[in-house]
Amino acid sequence: MEGTPPDADLDGVVALVTGASRGVGRGVAHELGAAGATVYVTGRSTAGDRTDGLEGTVEGTADLVTSAGGTGIGIVCDHTDDSAVAALFDRIRDEHGGLDLLVNCAWGGYESYDDTFDDPFWTQPVSRWDRMFDAGVRAAFVASQHAVGPMLDRGSGLLVNVSSGDDGKFRGSVPYDVAKTAVDRMTAGMAHELREHGVAAVVLYPGFTRTERVEAAFEGDGVPEGTESPRYAGRAVAALAADPDVMARSGGVFKTGELAREYGFSDVDGRQPEPFEFDAPRL
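Reference entry: report on the structure contained in this document.

Here is what the cut-offs are and how they apply
Residues numbered from 1 in each chain as written. Predicted model: local features only at pLDDT ≥ 70, side-chain atom pairs only at ≥ 80, totals over all residues. Heavy atoms only, no water. Disulfide = S-S within 2.5 Å. Salt bridge = Lys/Arg side-chain N within 4 Å of Asp/Glu carboxyl O. Helix = DSSP H or I, 4+ residues; strand = E, 2+ residues; numbered from the N terminus. Buried < 20%, exposed > 50% of the residue type's maximum accessible area, 1.4 Å probe, protein only. Pairing = 2+ DSSP bridges. Axes fitted to C-alpha atoms, helices over the stretch in contact; angles between N-to-C directions. Phe/Tyr/Trp six-rings, centres within 6.5 Å; stacked < 30°, edge-to-face > 60°. Lys NZ or Arg CZ within 6 Å of the ring centre and 35° of its normal. Expected span 1.5 Å × (residues − 1). Contact = heavy atoms within 4.5 Å. Parallel < 35°, antiparallel > 145°, perpendicular 65-115°, else oblique. Left-handed = near helix turned anticlockwise from the far one by under 90°. Core = buried A, V, L, I, M, F, W, Y, C linked by side-chain atoms within 4.5 Å. Polar contact = N/O pair within 3.5 Å; in protein donor to acceptor, adjacent residues only side chain to side chain.

### Details of the state of the cysteines
By definition, a disulfide links the sulfur atoms of two cysteine residues through a covalent bond.
Right, on to step 1. This model, assessed by the stated rule, comprises zero disulfides.
Right, on to step 2. The closest cysteine sulfur to the non-disulfide-bonded Cys105 is located on Cys77, 14 Å from its own sulfur.

Right, here's the structure in full:
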């Protein structure tokens, strides 16, 4: 497929992309499918019951993976429900023995998004903090715990935690900044403990991405120029998963635009958007 990483052949790779009913997760699953992977996709949105009424379901993403050339398997899963997560990984082990790749995209921090998102921390609802940590940081931690067992047995595997940031710059909201910083630090610790076992863990920073939620927010005004499609991040993950030297990157934080230049892929429109930069102070 034009624009994909030149060496991203993932035939035989078994992946799980959490939070893949829409957004970056959907784009990642799509590109892993285009590279030939078997991709389990999870999320809470299913036909007739979609979070915040937005387009996209796990079944739809699974079909997209299959139509792209991979094998898509959609499973409805709330990643704040530990028993549901355990059942998910039991099924993956029963069907494929475990994972080669886990991409943690599940993120509840944008639910019920409104114009108070960047308000001072003392006026923020505590529920926003809870959603970001329970359905974001904690969800990634629990999924990673389940995923690494078979990886340790094989001595190989890759964890990709999707986050956001720009070299220590403030992300505009205290709960958001702390949650995303936590994902970055968690990944660094995971990489440190996994290194001797041959399992890599990295952070991916997509830029300003044209997700379904973003398009809905800009309806009527048009999404600003220079934004990325969700598949741009997907191509970054496919490139990392296909890189035989990915262990050398373990513990690192990478912007999609940086990886595009290193691995030689473009977005779906043929452009290569620049690495995203926050217009914010460095704290």
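Okay, back to it.
### Examining the pattern of salt bridges
Right, on to step 1. In total, this model carries 16 salt bridges according to the counting rule given.
Right, on to step 2. Taking the shortest distance from any N to any O, the salt bridge between Arg154 and Asp100 comes out at 3.4 Å. Of the two residues, Arg154 sits in helix H4 (residues 126–154) while Asp100 sits in the loop between helix H3 (82–96) and strand S4 (101–104), which places them 54 residues apart along the sequence.
Right, on to step 3. Looking at Arg154, the relative accessible area reads 38%, which means it is partly exposed.
Right, on to step 4. Lys255 serves as the salt-bridge partner of Asp166, at 2.8 Å between the closest nitrogen and oxygen.

### A few points about the sheet that holds strand S6 (residues 199–205)
Right, on to step 1. Ordered in space as S3-S2-S1-S4-S5-S6-S7, the seven strands form an open sheet in which the pairing is parallel. Whereas interior strands pair on both sides, the edge strands pair on one side only; in this sheet they are strand S3 (71–76) and strand S7 (253–255). Recorded for the sheet is a direction-independent mean angle of 20 degrees between the axes of neighbouring strands.
Right, on to step 2. Pairing between strand S1 (residues 14–18) and strand S2 (residues 38–43): four bridges, direction parallel.

### Re unusual backbone geometry
Right, on to step 1. Residues other than glycine seldom take positive phi values, yet Asp167 does so here, at roughly 55 degrees.
Right, on to step 2. Relative to the helices and strands, Asp167 resides in the loop between strand S5 (157–162) and helix H5 (174–194).
Right, on to step 3. Judged by relative accessible area, which is 57%, Asp167 ranks as exposed.

### With respect to the packing of aromatic side chains
Right, on to step 1. Evaluation of the coordinates by the stated rule reveals nine aromatic pairs.
Right, on to step 2. A ring pair is formed by Tyr110 and Phe117, whose centres lie 5.9 Å apart and whose planes are at 50 degrees; its orientation type is tilted.
Right, on to step 3. Residue Phe117 is classed as buried on the basis of its relative accessible area, which comes to 6%.
Right, on to step 4. Through successive ring pairs, a cluster of aromatic residues spans Trp107, Tyr110, Phe117 and Tyr176.
Right, on to step 5. One cation-aromatic arrangement involves Lys180 over Trp107; the distance from NZ or CZ to the ring centre is 3.7 Å.
Right, on to step 6. One residue, Arg249, lies across the ring of Phe254, its end atom 5.1 Å from the ring centre.

### With respect to H5
Structural remark: α-helix, 3.6 residues per turn; residues separated by three or four positions point the same way.
Right, on to step 1. Its 21 residues give H5 an end-to-end C-alpha distance of 30 Å, which sits within 8% of 30 Å, the value for a rise of 1.5 Å per residue.
Right, on to step 2. Inspection of H5 places Pro175, Tyr176, Asp177, Ala179, Lys180, Val183, Asp184, Met186, Thr187, Met190, Ala191 and Leu194 among the buried residues, and these make up the whole buried set.
Right, on to step 3. Taken together, the buried residues of H5 touch H4, S5 and S6.

### Digging into the environment of Trp122
Right, on to step 1. Considering the arrangement of structural elements, one finds Trp122 in the loop between S4 and H4.
Right, on to step 2. Between the C-alpha atoms of Trp122 and Leu158, which are 36 residues apart in sequence, the distance is 38 Å.

### Some details on the packing of H3 against H4
For any two helices packed against each other, one specifies the crossing angle of their axes together with the interaxial distance.
Right, on to step 1. In the contact formed by H3 and H4, the axes pass within 10 Å of each other and the chain directions differ by 30 degrees. Overall, the two elements H3 and H4 adopt an arrangement that is roughly parallel. For the element pair H3 and H4, the recorded crossing hand is right-handed. Two secondary-structure elements touch here, H3 through Asp82, Val85, Ala86, Phe89 and Arg93 and H4 through Arg138, Val142, Ala143, His146, Ala147 and Pro150.

### Here we look at the nonpolar core
Right, on to step 1. With 38 residues, the main nonpolar core has Val17, Leu32 and Val103 as its most contacted residues.
Right, on to step 2. Top contributing element to this core by residue count: helix H7 (residues 230–242), with seven residues.
Right, on to step 3. Discounting residues that sit within four places of it in the chain, Val103 has contacts with Leu16, Val17, Thr18, Val28, Val160, Val162 and Val237.
Right, on to step 4. Residues Val85, Met132, Met151 and Ala201 belong to the second largest nonpolar core, which totals 33 residues.

### Considerations on the side chain of Gln124
Right, on to step 1. Looking at the secondary structure, you find Gln124 in the loop between S4 and H4.
Right, on to step 2. A distance of 3.3 Å separates a polar side-chain atom of Gln124 from the backbone oxygen of Thr116.
Right, on to step 3. Here the side chain of Gln124 touches Asp119 through a polar contact of 3.0 Å, landing on its backbone oxygen.
Right, on to step 4. In this view, Gln124 contacts Thr116, Phe117, Asp118, Asp119, Ser173 and Pro175; residues no more than four positions away in its chain are not counted.

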